[in-house]
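# Fold and contact review
Spelled out, the chains give:
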Amino acid sequence: MAHLDLALVAIHLEPSPRAVPLGPAMLASVLRRAFGPAVTTRVVDCFKAETPETCAARILDGEPRWVGFSMYLWNRDLTLRVARLLKTLRPGLIIFAGGSEATADLAGVLADPAVDFVLPGEGEELILDAVARLLQGEAPGAIQAAIRPAPIADLATLPSPFLDGTLNPTADSGQLWELSRGCPFTCAFCFESRGEAGIRRVPMERVEAELRLFEARGVAQVFVLDPTFNYDRRKAKEVLRLIAATAPGIHFFFEIRSEFIDRELARLFASIRCTLQIGLQSADDAVLRNIGRTMDQDAFESRILLLHQVGATYGFDLIYGLPGDDLEGFKASVDFALALAPNHVDLFPLAVLPGTRLFETAPSFGLEHQADNPYLVTGSPTFPPAAMARAAQLARGCDAFYNDGKAVPWFALVQGALELDPSELFLRFADHLETDPGENAIRDFVTAQFKALGRPAQGRVAADLITCFGLTARLAERAGAGQPGPDAALGSFHHDPALLLEQLAAGFTELEDLSYVLPEAPCTARVHLEAGEPRFRILSR
Ligand code: SF4
């Protein structure tokens, strides 16, 4: 068998539509263009749950001379274990690493004897130089000494790994799609804020050609790599119009900034299939200023309202453990976020990543954090360890209740009737999960809460809403993702579910009113979707 020159390895978190080896493929593309058949490369996919032995065997298939790893925070440990094993199995192998973790902790990664050199920053130009030197037989030490990291000034100079066939988008797959590099903002916890090259964009001709390819191949989901997609509204609108005209069948995921949402942009988002993620982080301006951000709650609300009015799907990220924040402040941020009816909410602990500005300023805030990967904050003067643990419970409760529970359509109704702030509701649910983690945990919990208030009839209506919308969301999700499986589901109800939805559509907005008008009629019903709407057949009373 002809020997392979270079294996470029991506270790993914898990098999998912996002598990696309875009970084290694970009390097393979530039090498192919520069060296042609003189350098053979192969992109290798591995997964975090795999053993080093499995990864090593896959990498060694084809007997490469050199191996390059894409190293991120979450795959650093496995990457280094695989690299050490490779060195044991093939002592002559030359191993290098790139990616954000290798960039942030160059000295630390290089200190591992299994790593011969590191390509920090954007790798496409560096790898050309490194491979040219490897071909000339230069030693890794000399290659490392010669490396001059610099951002790619013009992304138009890079080949597209989609258009040159390095990546092969297939039907029903997901794709990572890079539209820009760099970020103009200065969030202290983020690597991107250290970029000095400003925003650089992929040219529109390439954007259009890649979109056409995705649509022609039947790609199901595209994750847009552009940390502030709508910073340049004019460009963002241009891309959205192109998507609407070229790729209406694909679901896109965007990260956007709230400041740059306007009415027209909101309408354009609503005109395509997409999900928007907005980094709120905290609703407290004083806390945000500690990490280089600001917040005007009224302005934020009015811009989110624009999305809400047109029916766009959006979610928020929030962080707990921020400098100057405390548990009560974090709960207030969660309550602020939930009042804006997001489709999903993700709550994360703060990480103090080496290489970020926060890593340098953390001591001045008294932030204590793990010394190693994943560098999570463990406490601060205002957010002691016990409060961090409680915030983590809140995050678990929120995820299980709101996100996994598909709670958007009924959350306000149930939360309002229970007269609990969302954060308090999630904390109580997290406590409930400790003793009842079963698949009916949300129903059981909500029913028990209403019972404790002496309003069991409202609990039964709430339970039916939860079942009704939960089953509908799951059927819709399965159908949307083209997953195999039954196109109907069975549910147990206290009332006729069709009648319940009719009353909701008629404008009932209080659980108490619904509990008066709906006759109790315990039943089992079969649910299926017609044009996306649930239809019920009562099987037994
Ligand atoms: S968090 Fe987002 S907006 Fe802030 S610096 Fe990073 S990429 Fe830019």
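Shown above is the structure to which this text applies.
Here goes a summary of the coordinates provided. (Residues numbered from 1 in each chain as written. Predicted model: local features only at pLDDT ≥ 70, side-chain atom pairs only at ≥ 80, totals over all residues. Heavy atoms only, no water.)

### Comments concerning the sheet that holds strand β18 (residues 533-540)
Across the sheet, which stays open at both edges, the three strands sit in the order β16-β17-β18 with antiparallel pairing between neighbours. The open sheet has two edge strands, β16 (488-493) and β18, and neither has a second partner. Going across the sheet, the axis of each strand differs from the next one's by a mean of 35°, ignoring polarity. The pairing of strand β17 (residues 523-530) with β18 spans seven bridges and is antiparallel. From the neighbouring strand, A525 faces β18, where its bridge partner is I538. Its contacts with the sheet place helix α20 (residues 497-505) against β16, β17 and β18, and it is angled at close to 145° to β18. (Pairing = 2+ DSSP bridges. Helix = DSSP H or I, 4+ residues; strand = E, 2+ residues; numbered from the N terminus. Axes fitted to C-alpha atoms, helices over the stretch in contact; angles between N-to-C directions. Contact = heavy atoms within 4.5 Å.)

### Some points on the packing of helix α15 (residues 385-403) against helix α17 (residues 422-435)
Any two packed helices are characterised by how steeply their axes cross, that is the angle between the axes, and by the distance between the axes. At a closest axis distance of 7 Å, the pairing of α15 and α17 adopts a crossing angle of 90°. Overall, the two elements α15 and α17 adopt an arrangement that is roughly perpendicular. Contacts between α15 and α17 involve R390, Q393, L394, G397, C398, A400, F401 and Y402 from the former and S423, L425, F426, L427, F429, A430, D431, L433 and E434 from the latter. Along the lines of polarity and charge, the residues of the contact of α15 with α17 split into 11 nonpolar, three polar and three charged. (Parallel < 35°, antiparallel > 145°, perpendicular 65-115°, else oblique. Nonpolar A, V, L, I, M, F, W, Y, C, P; charged D, E, K, R; others polar.)

### Description of unusual backbone geometry
Following N373, the chain continues into P374 via a peptide bond in cis, with omega recorded as 10°. Inspection of the secondary structure puts P374 in the loop between β14 (368-369) and β15 (377-379). With phi around 50°, A341 is a residue other than glycine that occupies positive phi space. Within the secondary structure, A341 is located in the loop between α13 (327-338) and β13 (344-349). One non-glycine residue, K406, adopts positive backbone phi at about 50°. Along the chain, K406 turns up in the loop between α15 and α16 (411-418). Judged by its relative accessible area of 22%, K406 falls in the partly exposed class. (Buried < 20%, exposed > 50% of the residue type's maximum accessible area, 1.4 Å probe, protein only.)

### Thoughts on the pairing of strand β6 (residues 174-178)
Buried residues dominate β6, accounting for five of its five residues. Residue alternation in β6 divides its side chains into two sets, G174, L176 and E178 and Q175 and W177, and both sets are buried. Across five bridges, the pairing between β6 and strand β9 (residues 221-225) is parallel. For E178, the partnering residue across the bridge sits in β9 and is L225.

### Re the site of the ligand
Within the structure, the ligand sits among C183, F185, C187, F189, C190, E192, S193, P227, T228, R257 and R293. Here the residues of the shell around the ligand are counted per class, giving six nonpolar, two polar and three charged. (Near = heavy atom within 4 Å.)

### Some details on the sheet that holds strand β3 (residues 66-70)
Adjacent strands of a sheet form backbone hydrogen bonds with each other and so pair up, either parallel or antiparallel. The five strands are arranged β2-β1-β3-β4-β5 in an open sheet whose pairing can be described as parallel. Edge strands, defined here as strands with exactly one partner in the open sheet, are β2 (41-47) and β5 (117-118). With two bridges joining them, strand β4 (residues 94-98) and β5 adopt parallel strand pairing. Bridged to A97 within β5 is V118.

### Quick look at the packing of aromatic side chains
Counted by the stated rule, this structure contains 27 aromatic pairs. Their ring planes at 15° and their centres at 4.6 Å tell us that F223 and F253 sit as a pair that is stacked. Remark: F253 occurs in strand β10 (residues 251-256) and F223 occurs in strand β9; sequence separation between them is 30 residues. Judged by relative accessible area, F223 falls into the buried class, the value being 5%. Both rings, one in F300 and one in F316, keep their centres 5.7 Å apart while their planes meet at 50°; by these two values the pair is tilted. On the criterion of sequence distance, the pair formed by F300 in helix α12 (residues 297-310) and F316 in strand β12 (residues 313-320) is long-range, its members being 16 residues apart. According to the relative accessible area criterion, F316 is buried, its value standing at 0%. What links up through ring pairs into an aromatic cluster is the set F162, W177, F214, F229, F252, F254 and F269. (Phe/Tyr/Trp six-rings, centres within 6.5 Å; stacked < 30°, edge-to-face > 60°.)

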